Amino acid sequence: MDKRTFIKTGLIGVAAFYASGFTAKGLNPLYSLKPRKNKDGFIQPPLPYAFDALEPYIDTETMKIHYSKLHAAYTMKFNDITRQLGISSKPAREILSEVSKYTELLRNNGGGYLNHLLFWNVLSPNGGGMPEGKLHDAIIGSFGSFDNFKSQFDTAARSVFGSGWAWLIFSEGKLKITATQDQDNPIMDISKDKGFPILCLDVWEHAYYLKYQNRRTDYINAFWNIVNWDFASKRYDLALRRKMA
Ligand code: MN3
């Protein structure tokens, strides 16, 4: 093997390693929400930014606990349960799309696993502002204006009783806002509004209590400063492609 071939082979090895779930930047883009697996099952990819990167909107301590304790626990339990049931080789999306077949424990932990994967990517220290291109036009088309969209999303997020999530989904050819309880999501067959998630907001108290205490509205307002519209736009493109497929 000459030097050039050796380097080339080495690079392919590196590429294969990163393809196993990690990239040089940290997180493989999960636009398709198809998390990679390793021998232990579904992986919890690294956060795509530092724990303190979303300050002052989401505080460092909350991010540490949320990612390292809570999401890690959902991941571990989801792996345990899917292994016990002998369904660990199935994609997470597929398991959740037929979640009514399984126990509430699987529903809660599978939802907790996938919802947070999406949520970390929906946030960015370079986020905020407004979407561009097709997603922008679709939001105006579906909600009349960007402010109307925000206000409807805010209402959905505020109205979740107890713990849950607010969602922007692509459903039956258009954008729609919905909310779910606990760790349910619009991929699940038990969900009243089913669709392809574009954007989500975790409104469990664990997502904001340390900084905002009971002021969920302040947390929701802060969210708009860190929305990763670039990621959301790519999710929307994917939703359109799937619809046409
Ligand atoms: Mn959470």
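Bear in mind the structure is a predicted one, so any value in this text is a computation, not a measurement.

Conventions we followed
Residues numbered from 1 in each chain as written. Predicted model: local features only at pLDDT ≥ 70, side-chain atom pairs only at ≥ 80, totals over all residues. Heavy atoms only, no water. Helix = DSSP H or I, 4+ residues; strand = E, 2+ residues; numbered from the N terminus. Buried < 20%, exposed > 50% of the residue type's maximum accessible area, 1.4 Å probe, protein only. Contact = heavy atoms within 4.5 Å. Areas by Shrake-Rupley, 256 points an atom, 1.4 Å probe, with all protein chains shown as cover. Donors = N, O, S within 2.8 Å, 3.2 Å for Na, K, Ca; no water. Phe/Tyr/Trp six-rings, centres within 6.5 Å; stacked < 30°, edge-to-face > 60°.

**What to know about the overall build of the protein chain**
For step 1, the next point in the chain: Looking only at helices and strands, the protein chain features nine helices and seven strands.
For step 2, the next point in the chain: Across the 245 residues of the protein chain, 48% fall into the buried class.
For step 3, the next point in the chain: In the protein chain, of all internal contacts separated by at least 6 residues, the share reaching a separation of at least 24 is 66%.
For step 4, the next point in the chain: Taken as a whole, the protein chain presents about 12100 Å² of accessible surface, with 54% of it coming from carbon and sulfur.

**As for the environment of Tyr-74**
For step 1, the next point in the chain: Relative to the elements of secondary structure, Tyr-74 occurs in helix H2 (residues 60-85).
For step 2, the next point in the chain: Spatially, the C-alpha atom of Tyr-74 lies 8.2 Å from that of Asn-108, the residues being 34 residues apart in sequence.

**A few points about the coordination of the manganese ion**
For step 1, the next point in the chain: In the first shell of the manganese ion, the protein supplies His-66 (NE2), His-116 (NE2), Asp-202 (OD) and His-206 (NE2), at 2.0 to 2.1 Å from the metal.
For step 2, the next point in the chain: Read in sequence order, the donor residues coordinating the manganese ion give the pattern H-x49-H-x85-D-x3-H. Taken as a pair, His-116 in helix H4 (residues 104-122) and His-206 in the loop between strand S7 (196-202) and helix H7 (209-212) lie far apart in primary sequence, 90 residues in all.

**What to know about the packing of aromatic side chains**
For step 1, the next point in the chain: A complete count under the given rule lists 20 aromatic pairs for this structure.
For step 2, the next point in the chain: On the numbers, 5.8 Å between centres and 65 degrees between planes, the contact of Phe-146 with Trp-229 is edge-to-face. Separated by 83 residues along the polypeptide, Phe-146 in helix H6 (residues 146-159) and Trp-229 in helix H9 (residues 229-244) bring together distant segments of the chain. A single burial state applies to Phe-146 and to Trp-229, both of which are buried.

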